Amino acid sequence: MAGNPFDAQDLTQETFLSAYQKLDDFDGMHERAWICRIATNKCLDYLKSTTRRAEPSEEKTFTEIPDQKANPEMEYLIGESKKEILALCRQLSPPYNEIAEAHFYEEKSVREIAAEKGRNIRTVQTQVYRAKALLKRKLKGGRIQ
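Everything quoted here is computed from the prediction, not taken from an experiment.

Participant: Help me understand the packing of aromatic side chains in this model?
Facilitator: The relative placement of two aromatic rings is captured by the distance of their centres and the angle of their planes. What the rule picks out here adds up to one aromatic pair. Ring geometry for F26 and W34: centres 4.2 Å apart, planes at 25°, overall stacked. A relative accessible area of 22% places W34 in the partly exposed class. Directly above the ring of Y105 sits K82, whose terminal nitrogen or CZ lies 4.9 Å from the centroid.

Participant: It is not clear to me how unusual backbone geometry should be interpreted in this structure. Could you clarify?
Facilitator: For residues that are not glycine, phi is negative in most cases, and the peptide bond is trans in most cases. Put simply, P94 and P95 share a cis peptide bond, and its omega is 0°. With respect to the helices, strands and loops of the structure, P95 is situated in the loop between helix 5 (72-90) and helix 6 (96-105). For H30, which is not glycine, the phi torsion reads 55° and is therefore positive. Structurally, H30 can be placed in the loop between helix 1 (5-21) and helix 2 (31-48). Taking relative accessible area as the criterion, H30 reaches 59% and is therefore assigned exposed. Here the phi dihedral of E107 falls at roughly 60°; this positive angle occurs in a residue that is not glycine. Looking at the element boundaries, E107 is found in the loop between helix 6 and helix 7 (110-117).

Participant: For this particular structure, what's the right way to read the side chain of S18?
Facilitator: The topology assignment puts S18 in helix 1. Note on S18: relative accessible area 15%, which makes it buried. Setting aside residues no more than four positions away along its own chain, S18 makes contact with I38 and K42.

Participant: It is not clear to me how the environment of Y105 should be interpreted in this structure. Could you clarify?
Facilitator: Positionally, Y105 belongs in helix 6. On the basis of relative accessible area, Y105 is assigned to the partly exposed category, the value being 26%. As a C-alpha pair, Y105 and C89 span 16 residues in sequence and 8.0 Å in three-dimensional space. Look past the residues within four positions of Y105 in its chain and what remains in contact with it is K82, I85, L86 and A100.

Participant: I'm lost on the pattern of salt bridges in this one. Help?
Facilitator: Side chains carrying opposite charge are able to pair once their charged atoms draw close together. Summed over the entire model, instances satisfying the criterion amount to six salt bridges. Measuring nitrogen to oxygen at the nearest pair gives 3.3 Å for the salt bridge that ties K83 to E80. With a gap of three residues between them, K83 and E80 both fall in helix 5, about one helical turn apart. Note on K83: relative accessible area 55%, which makes it exposed. A residue is classified by how much of its surface remains accessible, and E80, at 32% relative accessible area, is partly exposed. Here the residues in one salt-bridge network are E106, K108 and E116, joined through shared partners.

Here is what the cut-offs are and how they apply
- Residues numbered from 1 in each chain as written.
- Predicted model: local features only at pLDDT ≥ 70, side-chain atom pairs only at ≥ 80, totals over all residues.
- Heavy atoms only, no water.
- Phe/Tyr/Trp six-rings, centres within 6.5 Å; stacked < 30°, edge-to-face > 60°.
- Buried < 20%, exposed > 50% of the residue type's maximum accessible area, 1.4 Å probe, protein only.
- Lys NZ or Arg CZ within 6 Å of the ring centre and 35° of its normal.
- Helix = DSSP H or I, 4+ residues; strand = E, 2+ residues; numbered from the N terminus.
- Contact = heavy atoms within 4.5 Å.
- Salt bridge = Lys/Arg side-chain N within 4 Å of Asp/Glu carboxyl O.

Right, here's the structure in full:
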């Protein structure tokens, strides 16, 4: 009835907790039916609840994401990764080195790079694709041409 095993586990726990709390009121007859009725009521209440159907809004979702810069360890790791990316990009031969640096290190879009360099977007897309392949080969320990 719950729709997924995690909610079913929660409802099962709530059922037995409720049964335990109401044990003094139980007359001792038909225990199975009594537990099943409690479980059914818990499931029905769950299915009717608005909290189950509530989905987080974009605003709330993004405000709850912890600030990555606030974590010194994360800031250090990001900085080290960026240094490694820059070093790898600079090992490529022209024109792939400048395209790779702009795209992968400076995080510019293909459109921005094309406008900045005065090149066709398709040309820059091809160069980014080839630079990415060269970087992958370099990361796997291969030779860059």
